[in-house]
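Take a look at the letters that make up each chain.
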Amino acid sequence: MATVKKERLLSLPAYKRGLAGLGMYLKSVMDIKLRIWGSGRHETAPMVVIPFTKFQTLHELPRRSDEKKETMYQSFDPKRKVIFISHVWFEPSLVPETAHPDFTDKGQTKGRKGEKLALIKEGVNLLLSDNTANPTGCKAKDVDIWLDFGCIDQDDPTKQAAGVGSLLAYVLQCEWILIPGAGPLLPGELTVDKVPGIDENEEKMYGARGWTRLESMGAFMCSVLRRQHQPPIYNIYRKKGVDGEYVFNKLLYSLDPKHLPSEGKLTKETDRPAIVELTKDLLGYMIKAKSYITKHDGAVRGVAYHPENSKLVASCSADKTIRLINTESGTLKCLTGHRRCVNSVCFSPNGKHVSSTSDDGTVRIWDIETGEVTCTL
């Protein structure tokens, strides 16, 4: 099993100082949480969950509108912990009746029946048994599962639209995000955007899909409100050719302007207006409160403004990184490659590149569009 990095939580005094530097205070944090929860359409689509003890007994992923499984659901209880299952559907379809998140007997895609169900069960057990992912020792009997197919009505268009519109409110109430998917993930690829979906097809990758981008971005926003540097997002996949052997990883998230949910791939283009609106909501929460993460993990050594776009800022730090921040859209790109403290940063006259100097003895030229190094001196 892969090692899971321990979550670093800021102390309350340091957190207060950091928020104040961003123009945000504890009261506004609570206001944002209330606004997000209030955005949910709870009368039409109240948040329901499945206790993990009941989920473990299932032989197939439940469909919310299946009356035979109605007894397994319960209303969201804030005293319990919820795991949000964020995933690419294994059998997507433009026909709702045939679309399914798992492999089935009538599978349109090659795969083993019930694969996702098995991944979720194993992933939850691994998450709860990991001391860094679950430092409080939360037990299976105290955990609930939220899964779109199982917790949003799939047949009633009004209820389904209300559930989709409440997605950010649901994410806010969840303790962890679990991504069941394909593999493998290499050590340098433990980031949300690199997670495969069904197979190696780029359009089916988790990080390429609009809805999954929205869910992980929502988790990112919630991590800011919870004083965490990174959201608690985990991935599980089964090793190819090895029956029953799973790999479990902690994933990193970076808010990249090229990976916004509104630009992601969708099975149904009719979903685009809803996801565009939800993306605007997310950015709005982060921009108005200035709560998007721009904070370096070390002392900031330099700042530069774009020569033509004053809303684009570059900063460099002792944490060995350069960060490009769009103060209007709230998007962030982190440039990594220096081995020691980065001392200065400067945009090129045409604004297409940024240069940096470091204690590692190098000067690097970066393409701000791709984030790649074009020259090392």
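Residues numbered from 1 in each chain as written. Predicted model: local features only at pLDDT ≥ 70, side-chain atom pairs only at ≥ 80, totals over all residues. Heavy atoms only, no water.

## Digging into the overall build of the protein
- Each helix and strand in the protein was counted, giving nine helices and 15 strands.
- Sorting the 377 residues of the protein into buried and exposed places 51% on the buried side.
- Long-range pairs, those at least 24 residues apart, make up 60% of the contacts in the protein between residues at least 6 apart in sequence.
- Just so you have it, the protein exposes about 18100 Å², and 53% of that area is on carbon and sulfur atoms. (Helix = DSSP H or I, 4+ residues; strand = E, 2+ residues; numbered from the N terminus. Buried < 20%, exposed > 50% of the residue type's maximum accessible area, 1.4 Å probe, protein only. Contact = heavy atoms within 4.5 Å. Areas by Shrake-Rupley, 256 points an atom, 1.4 Å probe, with all protein chains shown as cover.)

## Re the confidence of the model for the protein
- Put simply, the protein has an average pLDDT of 81, and 79% of its residues get 70 or more.
- With pLDDT under 50 throughout, residues 1-12 is counted as low confidence; its partners more than four residues away or in other chains account for 30 contacts.
- Counting contacts from residues 18-25, a segment whose pLDDT is below 50, to residues more than four positions away or on other chains yields 14 contacts. (pLDDT = per-residue confidence, 0-100.)

## Focus on the packing of aromatic side chains
- Following the criterion strictly, the structure yields seven aromatic pairs and no others.
- Geometrically, the ring pair formed by Phe84 and Trp146 is stacked, given 4.6 Å between the ring centres and 15 degrees between the ring planes. Of this pair, Phe84 sits in strand β3 (residues 81-85) while Trp146 is found in strand β4 (residues 143-147), placing the two residues 62 residues apart along the sequence.
- In this structure Phe84 comes out as buried when scored by relative accessible area, which is 0%.
- Looking at Trp146, the relative accessible area reads 0%, which means it is buried.
- Taken together through their ring pairs, the aromatic side chains of Phe84, Trp146 and Tyr170 make up a single cluster.
- Stacked on the ring of Tyr73, the Lys or Arg Arg64 has its end atom at 4.4 Å from the ring centre. (Phe/Tyr/Trp six-rings, centres within 6.5 Å; stacked < 30°, edge-to-face > 60°. Lys NZ or Arg CZ within 6 Å of the ring centre and 35° of its normal.)

## Description of helix α6 (residues 157-165)
- Burial in α6 covers these residues: Ala162, Gly163 and Gly165. Mapping the buried residues of α6 onto a view down its axis gives an arc of 165 degrees, with all of them on the same face.
- Where α6 begins, one side-chain oxygen reaches toward the backbone nitrogen of Thr158, 2.9 Å away; that side chain belongs to Asp156. (Arc of directions from axis to C-beta. Polar contact = N/O pair within 3.5 Å; in protein donor to acceptor, adjacent residues only side chain to side chain.)

## With respect to the sheet that holds strand β2 (residues 74-75)
- Read from one edge of the open sheet, seven strands run β2-β1-β4-β3-β5-β6-β7, paired in mixed fashion. Looking along the sheet, the strands with just one partner apiece sit at the ends: β2 and β7 (246-250).
- In this sheet, β4 lies alongside β3 in parallel orientation, the contact comprising five bridges. Opposite Ile85, over in β4, you have Leu147 as the bridge partner.
- Across the sheet, helix α4 (residues 115-129) touches β3, β4, β5 (176-180), β6 (233-238) and β7, and the angle it forms with β6 is around 130 degrees. (Pairing = 2+ DSSP bridges. Axes fitted to C-alpha atoms, helices over the stretch in contact; angles between N-to-C directions.)

## Quick notes on the pairing of β4
- Counted residue by residue, β4 has five buried out of five residues, so it is predominantly covered.
- Burial of the side chains of β4 extends over both faces: Val143, Ile145 and Leu147 are buried on one face and Asp144 and Trp146 on the other.
- Pairing between strand β1 (residues 48-51) and β4: two bridges, direction antiparallel. Following the sheet pairing, Ile50 is matched in β4 by Ile145.

## Some remarks on the state of the cysteines
- All chains considered together, the criterion is met by zero disulfides.
- The thiol of Cys151 is unpaired, and the distance to the nearest cysteine sulfur, on Cys174, comes to 9.2 Å.
- With a relative accessible area of 5%, Cys151 lands in the buried category. (Disulfide = S-S within 2.5 Å.)

## Quick look at the sheet that holds strand β14 (residues 363-367)
- The strand order β12-β13-β14-β15 describes an open sheet built from four strands, whose pairing is antiparallel. Of all strands in the sheet, those bounded by a partner on one side alone are β12 (342-347) and β15 (373-376). Pairs of neighbouring strands in the sheet enclose a mean axial angle of 20 degrees, with direction left out of account.
- In this structure, β14 lies alongside β15, joined through three bridges in antiparallel fashion. The residue of β15 that forms the bridge with Trp366 is Val373.

## Side note on the nonpolar core
- Phe55 and Trp146 are the most contacted members of the largest nonpolar core, which has 75 residues in total.
- Ignoring sequence-local partners within four residues, the contact set of Trp146 consists of Met47, Val48, Val49, Val82, Ile83, Phe84, Ile85, Cys151, Ile152, Leu167 and Tyr170.
- In this structure, Leu312, Ala314, Val342 and Ile368 belong to the second largest nonpolar core, which totals 13 residues. (Core = buried A, V, L, I, M, F, W, Y, C linked by side-chain atoms within 4.5 Å.)

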